[in-house]
Structure formats: C-alpha cells, structure tokens
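Structure assessment
The primary structure of each chain is shown beneath.
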Amino acid sequence: GRSGGYGIRSSSMLTISDSAAITNATGGSGRRGGNGIFGTAMKIISSTIGTAKGGEGKTSGGNGIYSVGPLTIQKATITNATGGNATSIDGTGGNGIFSDGKLTIENSTITNATGGTSTNGNGGSGIRSNGTLTIRGGEIQQTTGGNATGTFGTGGDGIGSNGTLT
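Topic: the overall build of the protein
If you tally the helices and strands in the protein, you get 0 helices and 18 strands. In summary, the protein has a C-alpha radius of gyration of 14 Å against a globular reference of 15 Å for 166 residues, a match within 12%. Projected onto its principal axes, the C-alpha positions of the protein cover 45 × 30 × 25 Å. Sequence separation of at least 24 residues holds for 78% of the intrachain contacts in the protein that already meet a minimum separation of 6. Surface accessibility of the protein: about 7,100 Å² in total, with carbon and sulfur atoms responsible for 44%. Side-chain charges of the protein comprise 11 positive and 7 negative groups, with the mean position of each set lying 8 Å from the other.

Below, the structure is given as structure tokens:
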C-alpha cells in the first residue's frame, strides 16, 4: 500500500513568491494520491501556478494544493487546481485547494478549482478550508465539487469551510 509522490513538497513553510511561475505540479497515483503542491504552511504571493493536480488514489485522491496550517494566496494567478479522483468504491476525492487551517485568498485570480470524484464516498471540494475561509478582492471564476456517482455517495462543494466563511 504505497502513496503517490508529491509534485512539490515542503515539510515546513513553503513560500512561492516574487513572480515565480510553476507550470505544472502533479502528485503521483497510489493507495492515496499524492498532492500537487504540499506544505506544512504555505504562502503563494505574486506568483503564477498553471496546473496543480492531485494524483488518483484508491482510498483518497490527492489535493491540488494542500497546506496543513495557514494557506495564504495573495496577488497570485492559479489557472487549474484539481483534486485527484478516488478509484475504489468508497474512496474520497481530493480537493482543488485545501487548507486544514485558515485559508485566505486576496486579490488573486483562480480560473478553475475542481474536486476529485468518488463513487460511494465524498467528492472533493473545489476550494476547502477546515478553518476560517476569507476571500477578498480578485476573481474566482469557477469552482466545482467532485461528483459522487454511487447510490451512497455525497458530491463535493464548490467552496466549503468548516469554520467562518467571509
């Protein structure tokens, strides 16, 4: 039971700034799909990310962009953030952009954020925060929750927060 590898991984704060351009960061497939971009905490500032995509996984698809702690996106452009699909019947789809803590999106453009699909599990969310989710300025063009195709599945949210949504 191996997990897919990560596209970009930091075991501490990951900062992408100063007009950095990441064309493609994709997690590998496995029992659990790898994340496209992963950090314990993350800041994406004045930078461009073309595609960040989680890998397919049996039990869970990877997240496109995943931060365990606070995730801050400022003056950035993210064209595609996509969660990986779950391939086993009750696996969970990955999220496009996910923070286990606080998620702040300021003056940024997000063209597409899409959750991964599931069968009888939960589809992933386009943008998800387990803490406070704040969106200020900028433009979020399309967020799509992942479909759950089975009888007992639950579709994902376009934008979801387990905390305050502002």
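Topic: the environment of threonine 59
For threonine 59, the location among the structural elements is in strand E8 (residues 57–60). Counting along the chain gives 53 residues from threonine 59 to asparagine 112, while the straight-line C-alpha distance between them is 24 Å. In contact with threonine 59, other than residues within four places in its own chain, are Arg31, Arg32, Ser88, Gly91 and Thr92.

Side note on the side chain of serine 10
Its place among the elements puts serine 10 in the loop between strand E1 (8–9) and strand E2 (13–16). On the basis of relative accessible area, serine 10 is assigned to the buried category, the value being 12%. Within polar-contact distance, the side chain of serine 10 engages the backbone oxygen of serine 12 at 3.1 Å. Excluding residues that lie within four positions of it along the chain, serine 10 makes contacts with Phe38, Gly39 and Thr40.

Description of the pairing of E2
As a general feature of sheets, a regular strand has side chains that alternate between the two faces. Only one face of E2 is covered, namely the face carrying Leu14 and Ile16; the face carrying Met13 and Thr15 is uncovered. Both E2 and strand E6 (residues 41–45) contribute to a ladder of 4 bridges, which runs parallel. Each residue of the ladder has a partner; that of threonine 15, found in E6, is lysine 43.

Focus: the sheet that holds strand E13 (residues 103–106)
Spatial strand order, E2-E6-E10-E13-E16: 5 strands in an open sheet with parallel pairing. Looking at strand neighbours, the two that pair on one side only are E2 and strand E16 (133–136), the edges of this open sheet. Pairs of neighbouring strands in the sheet enclose a mean axial angle of 5 degrees, with direction left out of account. Here 4 bridges tie E6 to strand E10 (residues 71–74), and the two strands are oriented parallel to one another.

Thoughts on the nonpolar core
Counting residues in each nonpolar core, the largest one holds 22 residues, and the members touching the most others are Ile37, Ile49, Ile65, Ile73 and Ile97. Elements represented by at least two residues in this core include exactly E2, strand E3 (21–26), E6, strand E7 (48–53), E10, strand E11 (77–82), E13 and strand E14 (109–114). If near-sequence neighbours (up to four positions away) are discounted, isoleucine 65 is found in contact with Ile37, Met42, Ile44, Ile49, Ala52, Leu71, Ile78, Gly96, Ile97 and Phe98.

Reading guide: rules and limits
- Residues numbered from 1 in each chain as written.
- Predicted model: local features only at pLDDT ≥ 70, side-chain atom pairs only at ≥ 80, totals over all residues.
- Heavy atoms only, no water.
- Helix = DSSP H or I, 4+ residues; strand = E, 2+ residues; numbered from the N terminus.
- Rg over C-alpha atoms; globule rule 2.2 N^0.38 Å.
- Contact = heavy atoms within 4.5 Å.
- Areas by Shrake-Rupley, 256 points an atom, 1.4 Å probe, with all protein chains shown as cover.
- Lys, Arg positive; Asp, Glu negative; His and termini not counted.
- Charge placed at Lys NZ, Arg CZ, Asp CG, Glu CD.
- Buried < 20%, exposed > 50% of the residue type's maximum accessible area, 1.4 Å probe, protein only.
- Polar contact = N/O pair within 3.5 Å; in protein donor to acceptor, adjacent residues only side chain to side chain.
- Pairing = 2+ DSSP bridges.
- Axes fitted to C-alpha atoms, helices over the stretch in contact; angles between N-to-C directions.
- Core = buried A, V, L, I, M, F, W, Y, C linked by side-chain atoms within 4.5 Å.

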